[in-house]
Amino acid sequence: MSVDIFVTPPSISWCQDSARVIVIDESTGQAVSLSGLDAAVWTWFSLSYAYQDVLAFVQAYLNLPAEEARRQLNQGIDGWVELGLLSPEAAPPEEDR
Amino acid sequence: MTNLIVSRRCNQQCSYCFAGDSLASDRQRQDSTPDYISIPDFEQRLDFLDRSQIAQARFLGGEPTLHPHFAELVRRARARDKTIVVFSNGWMPKAAAAALEDLPASRCGVIVNITTMGGSAGRDGPAPASLQLRKSVLKRLGIKAQLGCNIHRPDQDLDFLTGLIIECGLKRAVRVGIAQPVLGGTNAFLLTKDYHKVGERLVQFAVRAAREGIKIELDCGFVRCMFSEEARAHLLELGADLGWRCNPIIDIDVDGRAYHCFPLAEKYWTDLGLEDTASDLREAFMRQTEPYRQAGIFKECSSCPYKIDQSCSGGCLSNTMRRFSNQPLRVHLDRSTAFHHTNRSSATSQ
């Protein structure tokens, strides 16, 4: 099983608006406005839904076959990583493993 | 516009005070910030105003008139031909009142913030002697004094202000503010869910005040949607000064720290440089806060046409920033099923 864990850096904060999610990176002064599916996915993850649940929501939201929904979801997450909104979670210290 | 904090001490403890958290936290840290600005530092502030081509010297606190050399500060500002503006709670020493009383009305204005006649110390009912002291100060200031009020409760009564204006012969205008939350602070403030109710009550007050020839002026942090189209038109007919703004005010503390404004003092501040101008500071604060300005105090603000065309700021930035979360968001990206599926497909095709 190949699972990548990403987390928002400490410089990231966001707010849920009626038609979008506004994500701010204080370290760069960058603001990203997420709308549509992106806003919905961000919200689901912020509510601590698991990947498989979010995948099911995306599939239903877009009425797509599972594999296409997965492709779109992963593409979106990779896009957030590229924008710096998410970064790979640091491995825990040796004694915590 | 820049406000000079000349006193960090106050003789009131208003629950909604924007400055209280900042001043109290410094006291708790037991830092060495003095209570009052020194004369040489005040001269530096006047240099800053000159550099910035600002014609007003705006005295802020705490209660600025508690400065032991308040009259001297006023004299020095007047020597630079500054118009004096003082933000006071009205409980001022006689010497301070005398210094302001002597100035011509064209060069002096005192915004007297009054939430109740008794003041915050008078929760059990104001002492008659205290009331008389406050009124006597207001009467001495006369037309130079304008009453202000910070709304921190939806049912707050404003009607006593009109009687006070008439009785004391004050400027026939009321500066109305909304108590805003200090970012990371503990002050009382008006909840956004109560904004519409306050808007309705404010229109009713404006109508009653207008019968006495008194206008209302809105301070920063109001939002356009607090009022219906009809209410806005009515307020304008009554001569109200309406605005939906939130900009860096620049409050400069006794120790030389320049704040975006008191509510955001903990997050956005810089040490005042000897060559800085107000424009420099304002631009720097605007750059720093710009990302947050996409949002507003309501979740509808970022889609509102008035916010988008910048005719409404979307309310106080400190209030907006409280809507942002920085709880870590964790995403488990599972790529494995796609990989297995591909393998299965490959196996099937073989």
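Everything that follows concerns the structure shown earlier in this document.
None of these values were measured; they are calculated from a predicted model.

A.B. asks: With reference to specific residues and values, describe the pattern of salt bridges.
C.D. replies: Applying the stated criterion across every chain yields a total of 28 salt bridges over all chains. For Asp17 of chain A, the salt bridge goes to Arg323 of chain B, with nearest N and O atoms at 2.6 Å. With one member in each of two chains, Asp17 of chain A in the loop between strand 2 (12–16) and strand 3 (21–25) and Arg323 of chain B in the loop between helix 11 (317–321) and strand 11 (330–334) form a pair that bridges those chains. In the salt-bridge network here, residues are joined through shared partners; they are Glu43, Asp47, Asp50, Glu72, Arg75, Arg76, Arg80 and Lys82 of chain B.

A.B. asks: So what about the side chain of Glu63 of chain B? Which residues, and what values?
C.D. replies: Residues and elements named next belong to chain B. As for its position among the elements, Glu63 is in the loop between strand 2 (56–60) and helix 3 (70–79). Look at Glu63: it is buried, it has no salt bridge, and the nearest opposite charge is Arg134 at 7.8 Å. The contact partners of Glu63, leaving out residues within four places of it in the chain, are Ser7, Arg9, Cys10, Asn11, Phe87, Ser88, Asn89, Gly90, Trp91 and Met92.

A.B. asks: Got a sec to walk through the sheet that holds strand 11 of chain B? Specific residues and values, please.
C.D. replies: Overall, antiparallel pairing links the three strands, which are arranged 5(A)-1(A)-11(B) in an open sheet. Each edge of the open sheet carries a strand with a single partner, namely strand 5 (87–88) of chain A together with strand 11 of chain B. As defined by bridge partners, strand 1 (residues 3–7) of chain A adjoins strand 11 of chain B across five bridges and the pair is classed as antiparallel. Among the inter-strand pairings, Ile5 of chain A is bridged to a residue of strand 11 of chain B, identified as His332 of chain B.

A.B. asks: Explain the pairing of strand 7 (residues 215–218) of chain B residue by residue, including any values.
C.D. replies: All names here are of chain B. Side chains Ile216 and Leu218 project from strand 7 onto a buried face, and the interleaved Lys215 and Glu217 project onto a face without burial. Bridge count between strand 6 (residues 173–178) and strand 7: four bridges; the pairing is parallel. Counted as the bridge partner of Val174 is Ile216 from strand 7. One crossover worth recording links strand 6 to the parallel strand 7 by way of helix 7 (residues 195–210), and it is right-handed.

A.B. asks: Could you give me a rundown of the environment of Asp47 of chain B, with the residues and numbers involved?
C.D. replies: Residue and element names in this part refer to chain B. With respect to the helices, strands and loops of the structure, Asp47 is situated in helix 2 (residues 39–51). Residue class for Asp47 comes out partly exposed when judged on its relative accessible area of 33%. For the pair Asp47 and Glu266, spaced 219 residues apart in the sequence, the C-alpha separation amounts to 25 Å. At 2.8 Å, the side chain of Asp47 forms a polar contact with the side chain of Arg80.

A.B. asks: Tell me about the packing of helix 1 (residues 36–46) of chain A against helix 3 (residues 66–83) of chain A, and please be specific about residues and values.
C.D. replies: Residues and elements named next belong to chain A. Running from N to C, helix 1 and helix 3 cross one another at 80°; their axes reach a closest spacing of 11 Å. Between helix 1 and helix 3, the angle falls in the class roughly perpendicular. When helix 1 is examined against helix 3, the residues Leu37, Asp38, Val41, Trp42 and Phe45 are found in contact with a partner set consisting of Gln72, Leu73, Ile77 and Trp80. In terms of residue class, the contact of helix 1 with helix 3 is made up of seven nonpolar, one polar and one charged.

A.B. asks: Provide a residue-level description of the sheet that holds strand 10 (residues 269–271) of chain B, including the pertinent values.
C.D. replies: All names here are of chain B. Pairing within the open sheet is mixed, and its ten strands lie in the order 7-6-5-4-3-2-1-8-9-10. Each edge of the open sheet carries a strand with a single partner, namely strand 7 and strand 10. Looking at chain direction, strand 3 (residues 83–88) and strand 4 (residues 108–113) are connected through five bridges and run parallel. What sits directly across from Val86, in strand 4, is Val110.

A.B. asks: Describe the side chain of Gln180 of chain B, listing the residues and the values that go with them.
C.D. replies: All names here are of chain B. In this fold, Gln180 is placed in the loop between strand 6 and helix 7. Gln180 sits in the buried class, given a relative accessible area of 4%. Engagement of the side chain of Gln180 in a polar contact is seen with the side chain of Tyr195, the distance being 3.3 Å. If sequence neighbours within four positions are ignored, Gln180 has contacts with Phe18, Asn187, Phe189, Tyr195, Cys220, Gly221, Cys316 and Asn319.

A.B. asks: Could you give an account of helix 8 (residues 229–237) of chain B, with specific residues and numbers?
C.D. replies: Residues and elements named next belong to chain B. For helix 8, the full list of buried residues reads Ala231, Arg232 and Leu235. For helix 8, the angular spread of buried residues about the axis comes to 100°, placing them on one side. When the buried face of helix 8 is taken as reference, the exposed residues oriented beyond 90 degrees from it are Glu230, Leu236 and Glu237. In the core, the buried residues of helix 8 are packed alongside helix 7 and strand 7.

A.B. asks: Please provide a residue-by-residue account of the interface of chain B and chain A, values included.
C.D. replies: At the interface, 28 residues of chain B touch 35 residues of chain A. In total, chain B and chain A occlude about 3000 Å² of area from one another, counting both sides; carbon and sulfur atoms represent 54% of this. Counting the surface chain B buries against chain A, the share from its top three residues, Leu329, Val331 and Leu333 of chain B, is 24%. The interface formed by chain B and chain A contains five salt bridges. With a shortest N-O distance of 2.4 Å, Glu89 of chain A and Arg330 of chain B are connected by a salt bridge. Counting across the interface, chain B meets chain A through 19 residue pairs in polar contact (both at pLDDT 80 or more). For the side of chain B that touches chain A, the element with the highest residue contribution is strand 11 of chain B, accounting for five residues.

Criteria and thresholds
- Residues numbered from 1 in each chain as written.
- Chains lettered and ligands numbered in written order.
- Predicted model: local features only at pLDDT ≥ 70, side-chain atom pairs only at ≥ 80, totals over all residues.
- Heavy atoms only, no water.
- Salt bridge = Lys/Arg side-chain N within 4 Å of Asp/Glu carboxyl O.
- Helix = DSSP H or I, 4+ residues; strand = E, 2+ residues; numbered from the N terminus.
- Buried < 20%, exposed > 50% of the residue type's maximum accessible area, 1.4 Å probe, protein only.
- Lys, Arg positive; Asp, Glu negative; His and termini not counted.
- Contact = heavy atoms within 4.5 Å.
- Pairing = 2+ DSSP bridges.
- Right-handed = clockwise from strand over helix to strand, strands pointing away.
- Polar contact = N/O pair within 3.5 Å; in protein donor to acceptor, adjacent residues only side chain to side chain.
- Axes fitted to C-alpha atoms, helices over the stretch in contact; angles between N-to-C directions.
- Parallel < 35°, antiparallel > 145°, perpendicular 65-115°, else oblique.
- Nonpolar A, V, L, I, M, F, W, Y, C, P; charged D, E, K, R; others polar.
- Arc of directions from axis to C-beta.
- Buried area = accessible area lost by both parts, 1.4 Å probe.

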